[in-house]
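Letter by letter, the chains look like this.
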Amino acid sequence: MRRPGGRGPRSPSDLPALVLTHRVVQETLRLYPPIWLFPRRTGSAVELGGHRLPPGAQIFYSPYALHRDPLWYRNPDAFDPDRWDPQRHPAPPRGTYLPFAAGVHGCPGGDFALAELTLLTAAVTAAWRVDPVPGSRPRPMAAATLGPAPLTATVTAHP
């Protein structure tokens, strides 16, 4: 994909200038993390939410639910890329934004995925406008990963 003005394809050197695009990607991943439910096993006895769990107990946690918790995110169901602007809002507490999991089980390519998604979003939106057909609405579809349900859209090339 060529940049506007014919300057060649997008590259990692463009990332510092794509601040708003990066915030849009972060907010999209907050609302629709790629993996919505993770299984884990306790390594030892642990108390969680007032419940004592024995070693080896299987538990699940959901970034999808965590990212919508009003304890951590004001107006959590709203799409607001400005919540990632450090001039307007403090960063969410560690462990409350997990689009690619965290710790030893976190995706080793998470930073690469963020960069790739930011560049891809910038390239697509520089060339095309994508609008849902009136009356259709994007909806998440949960399977092993969280993805979009089929959506009819109109794609228009920018002049």
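Everything below is about the structure printed above this text.
What you are looking at is a predicted structure, and each value in this text was computed from that prediction instead of being measured.

J.: Would you mind showing me how to read the nonpolar core here?
T.: Val25, Leu29, Tyr73, Trp84, Tyr97, Phe100, Ala113 and Leu114 together form the largest nonpolar core, which totals eight residues. When contributions to this core are tallied by element, the ones reaching two or more residues are α1 (19-31) and α3 (110-127). Contacts of Tyr73, omitting those with residues within four sequence positions, involve Arg30, Leu66, His67, Arg83, Trp84, Pro92, Thr96 and Tyr97.

J.: In this structure, what is going on with the environment of Thr21? I would like to understand it.
T.: Position of Thr21 among the secondary structure elements: in helix α1. Residue Thr21 is classed as buried on the basis of its relative accessible area of 18%. Sequence separation between Thr21 and Ala113 is 92 residues, and the spatial gap between their C-alpha atoms is 14 Å. Among residues more than four places away in sequence, those in contact with Thr21 are Thr118, Thr121 and Ala122.

J.: Help me understand the side chain of Arg30, please; the structure alone is not making it clear to me.
T.: Assignment of secondary structure puts Arg30 in helix α1. Arg30 gets classed as buried once you look at its relative accessible area, which sits at 0%. Polar side-chain contacts of Arg30 include one of 3.0 Å to the backbone oxygen of Ala78. Excluding residues within four positions of it along the chain, Arg30 makes contact with His67, Arg68, Tyr73, Pro76, Ala78, Arg83, Trp84 and Tyr97.

J.: Please explain the pattern of salt bridges as it appears in this structure.
T.: In a structure, side chains of opposite charge can pair up when their charged atoms sit close to one another. According to the stated counting rule, one finds eight salt bridges in the structure shown. A salt bridge links Asp85 to Arg23; its shortest N-O distance comes to 3.8 Å. With Asp85 in the loop between α2 (63-66) and α3 and Arg23 in helix α1, the pair connects residues that are 62 residues apart, well separated along the chain. As far as the burial class goes, Asp85 and Arg23 line up, both buried. The residue Glu27 makes a salt bridge to Arg30 at a minimum N-O spacing of 2.8 Å. Of the two residues, Glu27 and Arg30 are both situated in helix α1; the distance of three residues between them amounts to about one turn of the helix. A relative accessible area of 0% means that Glu27 is categorised as buried. Taken together, the salt bridges that share partners define one network made up of Arg23, Asp82, Asp85 and Arg88.

J.: When you look at the packing of aromatic side chains in this model, what are you seeing that I'm missing?
T.: Here a ring pair, both rings aromatic, is described through the centre-centre distance and the interplanar angle of the planes. This model, assessed by the stated rule, comprises three aromatic pairs. Ring centres of Tyr73 and Trp84 lie 6.5 Å apart, and the angle between their planes is 50°; this geometry places the pair in the tilted category. Pair noted here: Tyr73 is in the loop between α2 and α3 and Trp84 is in the loop between α2 and α3, with a separation of eleven residues, a long-range link. For the pair Tyr73 and Trp84, one class covers both residues: buried. Both rings, one in Trp84 and one in Tyr97, keep their centres 4.6 Å apart while their planes meet at 55°; by these two values the pair is tilted. Here Trp84, found in the loop between α2 and α3, pairs with Tyr97, found in the loop between α2 and α3; they are 13 residues apart in sequence, far enough to count as distant.

J.: I'm lost on the environment of Pro140 in this one. Help?
T.: Tracing the sequence through the fold places Pro140 in strand β6 (residues 140-142). Taking C-alpha positions, Pro140 is 23 Å from Leu119, a pair spaced 21 residues apart along the chain. The contacts of Pro140, once residues within four sequence positions are left out, are Tyr32, Tyr64, Leu146, Gly147 and Ala149.

J.: How should I be thinking about the environment of Leu37 in this particular structure?
T.: Tracing the backbone through its elements, the reader meets Leu37 in the loop between α1 and β1 (38-41). Residue class for Leu37 comes out partly exposed when judged on its relative accessible area of 33%. For the pair Leu37 and Val24, spaced 13 residues apart in sequence, the C-alpha to C-alpha distance is 22 Å. Setting aside anything within four residues of it in sequence, one finds Leu37 in contact with Phe60, Tyr61, Ser62 and Pro63.

Cut-offs and rules
- Residues numbered from 1 in each chain as written.
- Predicted model: local features only at pLDDT ≥ 70, side-chain atom pairs only at ≥ 80, totals over all residues.
- Heavy atoms only, no water.
- Core = buried A, V, L, I, M, F, W, Y, C linked by side-chain atoms within 4.5 Å.
- Buried < 20%, exposed > 50% of the residue type's maximum accessible area, 1.4 Å probe, protein only.
- Helix = DSSP H or I, 4+ residues; strand = E, 2+ residues; numbered from the N terminus.
- Contact = heavy atoms within 4.5 Å.
- Polar contact = N/O pair within 3.5 Å; in protein donor to acceptor, adjacent residues only side chain to side chain.
- Salt bridge = Lys/Arg side-chain N within 4 Å of Asp/Glu carboxyl O.
- Phe/Tyr/Trp six-rings, centres within 6.5 Å; stacked < 30°, edge-to-face > 60°.

So far we have only geometry, and geometry alone does not tell us how the molecule works.
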